[in-house]
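# Reading the structure
So you can see what is in the structure, the chains are spelled out below.
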Amino acid sequence: MNQKPHADHIYIEALLKNNSRVLSKIYEKFSHKIVSYVRNNNGNSDDAQDIIQETLVTIYHQAKEKNFILTCPFDAYFYLLCKRRWLNELKKRGNSRVTILDDDTSITEEQEQQVEETEIFEKQHQLFESKFKELGAKCQELLKTTFKIKSMEKVAEILGVTYGYARKKKSQCMGKLTQLVKDSNEFHQLKAY
Amino acid sequence: MKEDSYILFDNYLNKELSASELISFEEKLNADADFKQEFEIYKALETSLASRFKNEEAEKELRNTISKLGSKYIKPEDSVKKKGKIISLFNYKQLMVAASIAMLIGFFLFNNGEPVYSDFSNHNALELVVRGNNNEAIVKAQDAFNSKNYKEALQQLTVLSETNSDDTEIELYKGICYLELNVYVEADVIFDAISSGNSAFVNTATWYKALSMLKQEQFEACKYILKTIPESAAEYKQAQKLLKKL
């Protein structure tokens, strides 16, 4: 696959670096279209803001975790992501009488692929997060501490247990989480991709 | 036992298995599909959670920036509601006709009234005093820029800027190349950085930022920026000339 970053990859870098000057360009250039789309389809400007924010945060996580490289123009990629997120949101709200205004944005295969990559990443992210919340409070706390503090020795110290116990507990909690994910419907849907 | 598998996963990911344990672990991965699937999930969870918790603070800061930008750029509902109603009373066909007439008028006015970027984009020739040893790149960059081959110039300037990262003039000319090539984001970022700094190129960068706005047909922004160029600047005269036309 072509992994050469597109010039618009600067927006991804801006997300990673929290560079508000470059990020403001995203709003300046692309938000208008998204806001009108949401407004034309049963939403308001607050909805549009949320959609844009959540989409950007997702891209941020994908870039952080998976070193996501943008290989197509940001414009169509971002617009399509926001659009689909809004449609999902409408579905969640049970708004069945919505008439969806389609528009003439044409997308290339590559853009479609990048959009899908991001969407799958997000679905996985959400699945992991929701399963994490199903864990007992103790497991949640232990894992949180473990991942925030790299050294297991320190984790054991903070939690007031021995190093061996902390290690054992950590893999037990992770194992439980693995089971929860493995047994979920969402996981089987994701696997289909 | 399952529990042992998880301890094994953890040890493997921490690179704590001995050579022989490693071999039997990898053999099991290949032979046992269920074992392999659980390992893949375990590993994905590990990466995902680690990344999420490690970046919790950074995410918060990013959300902060984004929501500030959001409320700055996305106007609240009230100001738009009225417009929406008026439009819905219109017959769409009429609206389209009105829009195309408006566009025609706009075109007409634009061609006669609005100043054009090319009227003002007379760049000073690039004359880089020798700094460092990258003579070949300097000559190539100068030749390319001065013969308006901005793509080539940008390439050479980028090479140069790698070894002269604090050279504002090289940055400025990179910005001009981007502007000529219509890569506005890059251009604007460079002009913004220089104009808010304290080099000798502050006013020049401000002037170019205005030109960039002009080229992007953001006339109000252009005007606003032009007004910040002080009388003492070499660009003051040009700025006033452009301002008059806007």
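Residue numbering note: each chain is counted from 1, following its sequence as written. Lettering of chains starts at A and numbering of ligands starts at 1, both following the order in which they are written. Where local features are concerned, this predicted model is filtered to residues with pLDDT of at least 70; where side-chain atom pairs are given and counted, the filter is 80 or more; whole-chain, interface and lining totals use all residues. Side-chain measures were taken over the full set of non-hydrogen atoms in the model, leaving aside hydrogen atoms and water.

### Observations concerning the packing of aromatic side chains
Stacked, tilted and edge-to-face pairs are distinguished by plane angle, under 30 degrees for stacked and over 60 for edge-to-face with tilted covering the rest, among Phe, Tyr and Trp rings (Trp via its six-membered ring) whose centres lie within 6.5 Å. With the rule as written, the count across this model stands at 23 aromatic pairs over all chains. With 5.7 Å between their ring centres and 85° between their planes, Tyr 11 of chain A and Phe 30 of chain A make a pair best called edge-to-face. Taken together, the positions of Tyr 11 of chain A in helix H1 (residues 9-17) and Phe 30 of chain A in helix H2 (residues 20-40) put the pair 19 residues apart, joining distant regions of the chain. For the pair Tyr 11 of chain A and Phe 30 of chain A, a shared accessibility class is recorded, and that class is buried. An angle of 75° between the planes, with centres 4.8 Å apart, marks the rings of Phe 145 of chain B and Tyr 173 of chain B as edge-to-face. Here Tyr 173 of chain B lies in helix H10 (residues 168-180) and Phe 145 of chain B lies in helix H8 (residues 135-146), a separation of 28 residues in the sequence. Each residue is assigned to one of three classes by its accessible area relative to the maximum for its type, calculated with a 1.4 Å probe on protein chains only: buried under 20%, partly exposed between the two thresholds, exposed over 50%. Of the residues examined, Phe 145 of chain B reaches a relative accessible area of 3% and is grouped as buried. Among the residues examined, Tyr 173 of chain B registers a relative accessible area of 6% and is labelled buried. These aromatic residues form a ring-pair network of at least three members: Tyr 6, Phe 9, Tyr 12, Phe 25, Phe 35, Phe 39 and Tyr 42 of chain B. Positioned above the aromatic ring of Tyr 79 of chain A is the side chain of Lys 33 of chain A, whose terminal nitrogen or guanidinium carbon lies 4.5 Å from the ring centre. We count a charge as sitting over a ring when the NZ of a lysine or the CZ of an arginine lies within 6 Å of the ring centre and within 35 degrees of the ring normal. Positioned above the aromatic ring of Phe 132 of chain A is the side chain of Arg 52 of chain B, whose terminal nitrogen or guanidinium carbon lies 5.6 Å from the ring centre. Numbering of helices and strands runs from the N terminus, with a helix taken as a DSSP run of H or I at least four residues long and a strand as a DSSP run of E at least two residues long.

### Section: the interface of chain B and chain A
The interface of chain B with chain A comprises 53 residues on the first partner and 53 residues on the second. Here chain B packs against chain A, burying approximately 4900 Å² in sum over the two surfaces, 61% of which is carbon and sulfur. Put simply, a salt bridge is a Lys or Arg side-chain nitrogen that is within 4 Å of an Asp or Glu carboxyl oxygen. At the boundary of chain B with chain A, the tally comes to ten salt bridges. Polar contact is defined as a pair of N or O atoms within 3.5 Å, subject to the rule that within protein one atom must be able to donate a hydrogen and the other to accept it, and that residues adjacent in sequence are counted only when both atoms are side-chain atoms. Applying the counting criterion to the chain B and chain A interface returns 17 residue pairs in polar contact (both at pLDDT 80 or more). If you list the elements that add at least two residues to the side of chain B that touches chain A, you get helix H1 (2-13), helix H3 (33-54), helix H4 (56-73) and helix H11 (184-195) of chain B. Take the side of chain B that touches chain A: its biggest share by element is 16 residues, from H3 of chain B. Here the side of chain B that touches chain A is built from residues that sort into 21 nonpolar, 13 polar and 19 charged. We call two residues in contact whenever any of their non-hydrogen atoms come within 4.5 Å of each other. Summed over both partners, buried area is the accessible surface (1.4 Å probe) that two parts give up on being assembled. Residues are sorted three ways: Asp, Glu, Lys and Arg are charged, Ala, Val, Leu, Ile, Met, Phe, Trp, Tyr, Cys and Pro are nonpolar, and all the rest, Gly among them, are polar.

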